[in-house]
Amino acid sequence: MLKAISLALYDNPKVNSKFGSPDANPPSYTIYGSHNISVAVDTPGGLMVPNIKDVGGKNVLEIQQELMRVATAAQQGKLALNDIQ
């Protein structure tokens, strides 16, 4: 599913963007080049939402390995700051 979301973002890059300040003249937005997709993980302390970095640059097996790594780290309370930023 994460790979499918990333492929859809290539077809619709404005979905992976951020609007700038509404006071800017002219208004602007930034389209991000990489797809960092967050996934909610149930942990004993509640939901944690780590993200998988650069999903578009990974194959399905690499995405699965990264997802398992962050899910395990979240459940053990050992997520790195970079995993949730």
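Bear in mind the structure is a predicted one, so any value in this text is a computation, not a measurement. (Residues numbered from 1 in each chain as written. Predicted model: local features only at pLDDT ≥ 70, side-chain atom pairs only at ≥ 80, totals over all residues. Heavy atoms only, no water.)

Caption draft 1: Up close: the overall build of the chain. Along its length, the chain carries three helices and six strands. The order of helices and strands in the chain, counted from the N terminus, is α-β-β-β-β-β-β-α-α. What you see for the chain is a C-alpha radius of gyration of 15 Å, clearly larger than the 12 Å of a compact globule of 85 residues, by over 25%. Considering the chain as a whole, with its 85 residues, one finds that 25% of them fall into the buried category. (Helix = DSSP H or I, 4+ residues; strand = E, 2+ residues; numbered from the N terminus. Rg over C-alpha atoms; globule rule 2.2 N^0.38 Å. Buried < 20%, exposed > 50% of the residue type's maximum accessible area, 1.4 Å probe, protein only.)

Caption draft 2: Focus on helix α1 (residues 2-11). All of the buried residues in α1 are Leu2, Ser6 and Leu9. On an axial view of α1, the arc spanned by its buried residues comes to 55°, and they lie on one face. (Arc of directions from axis to C-beta.)

Caption draft 3: Spatial organisation of the packing of aromatic side chains. The tally for this structure, following the rule as stated, stands at one aromatic pair. Ring centres 5.6 Å apart and planes at 50° place the aromatic pair phenylalanine 19 and tyrosine 29 in the tilted group. With phenylalanine 19 in strand β1 (residues 17-19) and tyrosine 29 in strand β2 (residues 29-31), the pair connects residues that are ten residues apart, well separated along the chain. Overall, tyrosine 29 belongs to the partly exposed group, its relative accessible area being 38%. (Phe/Tyr/Trp six-rings, centres within 6.5 Å; stacked < 30°, edge-to-face > 60°.)

Caption draft 4: Inspection of the nonpolar core at higher detail. If you look at the biggest cluster of nonpolar residues, it comprises eleven residues: Leu2, Ile37, Val41, Ile52, Val55, Ile63, Val70, Ala71, Ala73, Ala74 and Leu79. Top element by residues in this core is helix α2 (residues 60-75). It accounts for five residues. Filtering out sequence-adjacent residues up to four positions away, alanine 73 remains in contact with Lys78 and Leu79. (Core = buried A, V, L, I, M, F, W, Y, C linked by side-chain atoms within 4.5 Å. Contact = heavy atoms within 4.5 Å.)

Caption draft 5: Layout of the UniProt feature "domain: 2-oxoacid dehydrogenase acyltransferase catalytic" (unreviewed entry) in the chain. As recorded in UniProt, the sites labelled "domain: 2-oxoacid dehydrogenase acyltransferase catalytic" (unreviewed entry) are residues 2-85. As annotated, residues 2-85 has a helix share of 36% and a strand share of 19%, and its two end C-alpha atoms lie 18 Å apart. (UniProt positions renumbered as here; feature names shortened; annotations may be inferred.)

Caption draft 6: Highlighting unusual backbone geometry. Within the chain, aspartate 54 stands out as a residue other than glycine whose phi angle is a positive 50°. As for its placement among the helices and strands, aspartate 54 is situated in the loop between β6 (51-52) and α2.

Caption draft 7: Geometry of the environment of asparagine 36. Here asparagine 36 shows up in the loop between β2 and β3 (37-38). Sequence separation between asparagine 36 and threonine 72 is 36 residues; the distance between their C-alpha atoms is 19 Å. The residues touching asparagine 36, leaving out its near neighbours within four places in the chain, are Asn51, Ile52, Lys53 and Asp54.

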